[in-house]
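# Observations on the three-dimensional arrangement
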Number of protein chains: 2
Amino acid sequence: MVENSELRKVGLKVTLPRVKILQMLDTTDRRHMSAEDVYKALMEAGEDVGLATVYRVLTQFEAAGLVVRHNFDGGHAVFELADGGHHDHMVCVDSGEVIEFFDSEIEKLQKEIVKRHGYELVDHNLVLYVRKKA
Amino acid sequence: MVENSELRKVGLKVTLPRVKILQMLDTTDRRHMSAEDVYKALMEAGEDVGLATVYRVLTQFEAAGLVVRHNFDGGHAVFELADGGHHDHMVCVDSGEVIEFFDSEIEKLQKEIVKRHGYELVDHNLVLYVRKKA
DNA sequence: ATGAATGCAAAAACTTTGCATGACG
DNA sequence: CGTCATGCAAAGTTTTTGCATTCAT
């Protein structure tokens, strides 16, 4: 199993809940799931994992760099597998659909702005709220 | 009083709590306050306003465009007076300091990216997490 | 006067934590 | 086997809501 080595690689003991949660994030058709989403999906799949464990494991995964946590608009956080490289998000205000994008020009400008202010960029969060053109 | 006409202008009845909260946001030295911050500041100023009212009023102010709500990193939301034009934020991960900035190039690029995907930009949220250069 | 706004307390939504039990290496 | 992870339930945070009372127009 590929996932198990992923877990060991980041220094996490390979336990059933951790494997199941990682698989769920990997195999779901939704890119972004809340802790509750993961929990419900596992329950429906007949996997018996506690919600508290889901929260704990997702937090560990985030610390390990396996997943990325997003706080799109308050309320609940969503998590996505840290598959490829970095990207930002567009959220459709009508459908809730999430589109990922990456723009190197914007990335570059961010670094420049920060440097101009005497800082260095640690991380950033860019969400574009959009609507389908009429 | 300037604030009272502000309230009437947006269709909100001029009540003591609303005036006090608006004044607090206007006169504080902090640009960004949470609902709790506003509540505590009012209490210390001897103003007797309920926390629930602070939440309700801030939400109304946001809907009216008088304030802008930010969800910097989960946890609690912060509000700032919608004084001038739009701007984005840098948050220092060490000190918590918030710096405002505006970059027309980034703004332009956002619109272009969205258009390229067949959408129109409704709003956006950009926060740069930074650290003072060593 | 009358409808909206407030305050309080209770509830809701999301997340974290304490502790006894169970599982991994 | 020892230690770390889990599950449950309880507690913590932040925000919202129901309802009786008060206030603005």
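Being a predicted model, the structure only gives us computed values, none of them experimental.

### Remarks on the relation of the copies chain B and chain A
Of the transformation placing chain B onto chain A, the axial shift is 0.1 Å and the rotation is 179°, giving an RMSD of 0.2 Å. Put plainly, the chains are arranged around a two-fold axis. Residue L126 of chain B of chain B places its C-alpha closer to the rotation axis than any other residue of that unit, at 2.2 Å. Residue by residue, 100% of the interface of chain B is reproduced at the interface of chain A, so both copies engage with the same surface.

### Description of the sheet that holds strand β1 (residues 33-34) of chain A
All names here are of chain A. Spatial strand order, β1-β3-β2: three strands in an open sheet with antiparallel pairing. Pairing within the sheet leaves two strands with one partner each, and these edge strands are β1 and β2 (67-70). Summarising the sheet, β1 and strand β3 (residues 78-81) pair through two bridges and their orientation is antiparallel. Across the sheet, M33 pairs through a bridge with F79, a residue of β3. Along the sheet, helix α4 (residues 51-64) contacts β2 and β3; its crossing angle with β2, the most-contacted strand, is approximately 110°.

What counts and what doesn't
- Residues numbered from 1 in each chain as written.
- Chains lettered and ligands numbered in written order.
- Predicted model: local features only at pLDDT ≥ 70, side-chain atom pairs only at ≥ 80, totals over all residues.
- Heavy atoms only, no water.
- Least-squares fit on C-alpha atoms with pLDDT ≥ 70 in both.
- Contact = heavy atoms within 4.5 Å.
- Pairing = 2+ DSSP bridges.
- Helix = DSSP H or I, 4+ residues; strand = E, 2+ residues; numbered from the N terminus.
- Axes fitted to C-alpha atoms, helices over the stretch in contact; angles between N-to-C directions.

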